[in-house]
Structures are given as C-alpha cells and as structure tokens.
Amino acid sequence: RRLNNATLTLTTAPSEAAFQPSDSVFLDARPVLAPELLPKSPLGTSLVGAPGVPIGPDGFGEVAGQTVTIPVTTFIRALFDESGEKVPDLVLRTPLEPLSLGFGTFVGPGQPGAPRLRLILTVSDTVEIS
C-alpha cells in the first residue's frame, strides 16, 4: 500500500459578530516536535507552505460553511512509519499575526460539516517479471 495524498477538510462556522475577522485568516499546519512541552513546544516545518491556506473574512460570517483543505500527506506518512519513533502531534495555527482581534471558527465533530480526513491510497500486489 502506498499513501498518495492525505488532506484534512474543515468547514467554517459563523463566529460571533463582535469577533468575526475583518481580514483574511491564514491557516497553517505543523507537527509538534515535543508534545510534553505544550503549549510552548517547538514546531516542525509547515505542511501547507507560506503564508498558509487563506480564508476570507466572510467565511466566518455571511458565507459560513466554506470548506478549507489542508494538505497533511507527510504528517500521515509519519503515522505509518515503522522506524519506531513517536508519532507527532499536529497543530493548526495562523502563521501571521492577525490585523484584527477576530477569530475563525470551524464546525466540530458530530455535526454536519465535521472535520474529514481524506486518504488516497494505491493498493497493488507485487508484480513479478518472468
């Protein structure tokens, strides 16, 4: 089996009007390098790339319900690594200091639009040349 692609899909939810972002929010995903040191743990390199996945401010207000796709292939591959190393934790954060005090909200588990992990695998038998 081979993991070709893995994505985490989140759905935006309305933020309270007083805290709705006034500008785009950028979302980044990084592995946590030392979970025992949380919340001050060092983080690994971005799985998304700079500046992150952009979400317009309307995604948390009038147009809530937008889907946001985060690439996590390298992180999921580490889960299946047979080296015996500890599986890393994952943190979602904004890589840039926001221009406003607003915050984005996402739909949680057990609700329509809950977070989804999508895996694309190749499953094949070994090929023998005779």
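You'll find the structure just up there.
Values in this document were obtained by computation on a predicted structure and should not be read as measured data.

Criteria and thresholds
Residues numbered from 1 in each chain as written. Predicted model: local features only at pLDDT ≥ 70, side-chain atom pairs only at ≥ 80, totals over all residues. Heavy atoms only, no water. Salt bridge = Lys/Arg side-chain N within 4 Å of Asp/Glu carboxyl O. Buried < 20%, exposed > 50% of the residue type's maximum accessible area, 1.4 Å probe, protein only. Helix = DSSP H or I, 4+ residues; strand = E, 2+ residues; numbered from the N terminus. Phe/Tyr/Trp six-rings, centres within 6.5 Å; stacked < 30°, edge-to-face > 60°. Pairing = 2+ DSSP bridges. Axes fitted to C-alpha atoms, helices over the stretch in contact; angles between N-to-C directions. Core = buried A, V, L, I, M, F, W, Y, C linked by side-chain atoms within 4.5 Å. Contact = heavy atoms within 4.5 Å. Polar contact = N/O pair within 3.5 Å; in protein donor to acceptor, adjacent residues only side chain to side chain.

### Considering the pattern of salt bridges
Working step 1: Following the criterion strictly, the structure yields two salt bridges and no others.
Working step 2: Between R30 and D28 there is a salt bridge, with its nearest N and O atoms 2.7 Å apart.
Working step 3: Residue D28 is classed as buried on the basis of its relative accessible area, which comes to 1%.
Working step 4: Close ionic contact of D28 with R93 constitutes a salt bridge, the shortest N to O distance being 3.9 Å. With D28 in strand β2 (residues 25–32) and R93 in strand β5 (residues 89–93), this residue pair connects regions lying 65 residues apart in the sequence.

### Describing the packing of aromatic side chains
Working step 1: Within the structure shown, the criterion is met by two aromatic pairs.
Working step 2: Relative to F106, the ring of F60 has its centre 5.6 Å away and its plane inclined at 90°; by these criteria the two rings are edge-to-face. Separated by 46 residues along the polypeptide, F60 in the loop between β3 (53–55) and β4 (67–71) and F106 in strand β6 (residues 105–106) bring together distant segments of the chain.

### Details of the sheet that holds β5
Working step 1: Spatially, three strands are ordered β3-β2-β5 in an open sheet, and the strand pairing comes out antiparallel. Two strands close off the open sheet at either side, each with one partner strand: β3 and β5. Each adjacent strand pair in this sheet contributes to an overall mean axis angle of 25°, direction not counted.
Working step 2: Here β2 pairs with β3 via three bridges, running antiparallel. Paired with F26 across the bridge in β3 is P54.

### Considering the nonpolar core
Working step 1: Within the largest apolar cluster, 16 residues are counted, with the highest numbers of intra-cluster contacts made by L27, V68, I70, V72 and I76.
Working step 2: For this core, the elements supplying multiple residues, two or more each, are β1 (2–13), β2, β3, β4 and α1 (73–79).
Working step 3: Take this core: its biggest share by element is four residues, from β1.
Working step 4: Residues within four places of V68 in sequence aside, it is in contact with L8, T9, L10, T12, L27, V53, I55 and F106.

### Some points on the environment of G52
Working step 1: Relative to the helices and strands, G52 is located in the loop between β2 and β3.
Working step 2: Not counting the four nearest positions on each side in its chain, G52 is found in contact with F26, L27 and P95.

### Concerning the side chain of S41
Working step 1: Along the chain, S41 turns up in the loop between β2 and β3.
Working step 2: You can call S41 buried: its relative accessible area is 9%.
Working step 3: Reaching out from S41, the side chain makes a polar contact with the backbone oxygen of A34 at a distance of 2.9 Å.
Working step 4: Excluding its chain neighbours within four sequence positions, the residues that come into contact with S41 are V32, L33, A34 and P35.

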